[in-house]
Amino acid sequence: MNVGLKLAGFATVLVLVFGAAALAGSAVGPDRSGENRAQAHTAGHSRDAAPAPVRGLAVSDDGLTLALEDSVFERGRGAELRFSISGAGGTPVHDFEVQHEKRMHLIVVRRDGRGFQHLHPTLDRDRTWSVPLTLPEAGTYRVFADFKHDGEARTLAADLTVDGPARYRPLPEPSVAADAGEGYEVRLKAGRVRAGREVALDFSVIRDGRAVEPEPYLGARGHLVALREGDLAFLHVHPDESSLAFMAEFPSAGRYGLYLQFKHDGRVHTAEFTQGVSR
Ligand SMILES: [Cu+2]
């Protein structure tokens, strides 16, 4: 079936915004296949090399390692999530750089793309990060630590488990509109989305039939995270400075969850989309 066309218009909530900021859009060329670029990523990246199209597949990469202090949580019971980032010799890293107004962005999402949370942990004196976290549903979660170190945007990820019966579901069918709660609706215009081609994901927010102008959030108009269905690979997305638009390049065909966050009336809202990507 014509999945590509059907999906092309809409967005899923992805973690795109994280980490995307530091990288210029110049890396995204239409002449390079997603596969090649994905492989190029593992070699590490200098500032003028192409940015990695996907991140967040490894707990340790390019000399840095993410360690969760406790990787099991009890369902529905709030607890402190504690973790550290260590360097090659096992020494905790402390010289994080500010990116999107924070030194550490933490994305938590269940393996089926549900239960998205975007948190900002604080760094203790012992160089451990911590943030309160409640996971209301059982299952395996992916925890993405997104930060900038040594001039490079990095995303490391680890699994976190909540014991109990979990009912995993596929991503919702693609749609060009998403309910963001409290009367907000978000619409996505993306045109045709093909693997390996840069595309603009253009969002607009509507409330009570009227367009809403989002307030600045994390140094942009909004924050977008994109996660690939199947492995939750974390994509780079580059926010536009003046609008709720993001430049993205999906490395392979398939479906992606898009997690768009915007701020209005002082509150942050999240809209989740499923984006289909054709070959
Ligand atoms: Cu953040």
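Residues numbered from 1 in each chain as written. Predicted model: local features only at pLDDT ≥ 70, side-chain atom pairs only at ≥ 80, totals over all residues. Heavy atoms only, no water.

(A) Spotlight on unusual backbone geometry. The backbone of R127 shows a phi angle near 70°, a positive value even though the residue is not glycine. In this fold, R127 is placed in the loop between β8 (122–123) and β9 (129–133). For R127, a relative accessible area of 31% translates into the label partly exposed. Here the phi dihedral of L232 falls at roughly 55°; this positive angle occurs in a residue that is not glycine. Mapped onto the secondary structure, L232 falls in the loop between β16 (223–228) and β17 (234–235). (Helix = DSSP H or I, 4+ residues; strand = E, 2+ residues; numbered from the N terminus. Buried < 20%, exposed > 50% of the residue type's maximum accessible area, 1.4 Å probe, protein only.)

(B) Representation of the sheet that holds β9. Ordered in space as β2-β3-β5-β9-β8, the 5 strands form an open sheet in which the pairing is antiparallel. In this open sheet, the two edge strands, each paired with only one partner strand, are β2 (60–61) and β8. The pairing of strand β3 (residues 64–68) with strand β5 (residues 79–86) spans 4 bridges and is classified as antiparallel. Following the sheet pairing, A67 is matched in β5 by S84. (Pairing = 2+ DSSP bridges.)

(C) Inspection of the sheet that holds strand β10 (residues 139–149) at higher detail. Strand order in this open sheet of 5 strands is β4-β11-β10-β6-β7, and the pairing throughout is mixed. The open sheet is flanked by β4 (72–73) and β7 (117–119), the only strands paired with a single partner. Here β4 pairs with strand β11 (residues 152–162) via 2 bridges, running parallel. Looking at β11, one finds that V72 is bridged to T161.

(D) How the structure looks around the pairing of strand β20 (residues 254–264). In terms of residue burial, β20 counts as a mostly covered element, since 9 of its 11 residues are buried. Of the strand pairs in this sheet, β16 and β20 are connected by 6 bridges, and their pairing is antiparallel. When the sheet's bridge partners are listed, L224 is paired in β20 with L260. In textbook terms, the turn of a hairpin is the stretch between consecutive antiparallel strands, and for β20 and strand β21 (residues 267–277) this stretch comprises 2 residues, one of which, D265, has a positive phi near 50°.

(E) View of the side chain of D146. Inspection of the secondary structure puts D146 in strand β10. At a separation of 3.4 Å, a polar atom in the side chain of D146 contacts the side chain of R55. A polar contact of 3.2 Å, which involves the side chain of D146, links it to the side chain of Q99. (Polar contact = N/O pair within 3.5 Å; in protein donor to acceptor, adjacent residues only side chain to side chain.)

(F) Structural context of the pattern of salt bridges. Under the definition given, this model contains 15 salt bridges. In this structure, the salt-bridge partner of R255 is E173, at a minimum N-O distance of 3.7 Å. Within this pair, whereas R255 is found in strand β20, its partner E173 is found in the loop between β11 and β12 (177–181), the two being separated by 82 residues in sequence. For R267, the salt bridge is made with E182, and the minimal N-O distance between the two is 2.6 Å. Of the two residues, R267 sits in strand β21 while E182 sits in the loop between β12 and β13 (184–189), which places them 85 residues apart along the sequence. (Salt bridge = Lys/Arg side-chain N within 4 Å of Asp/Glu carboxyl O.)

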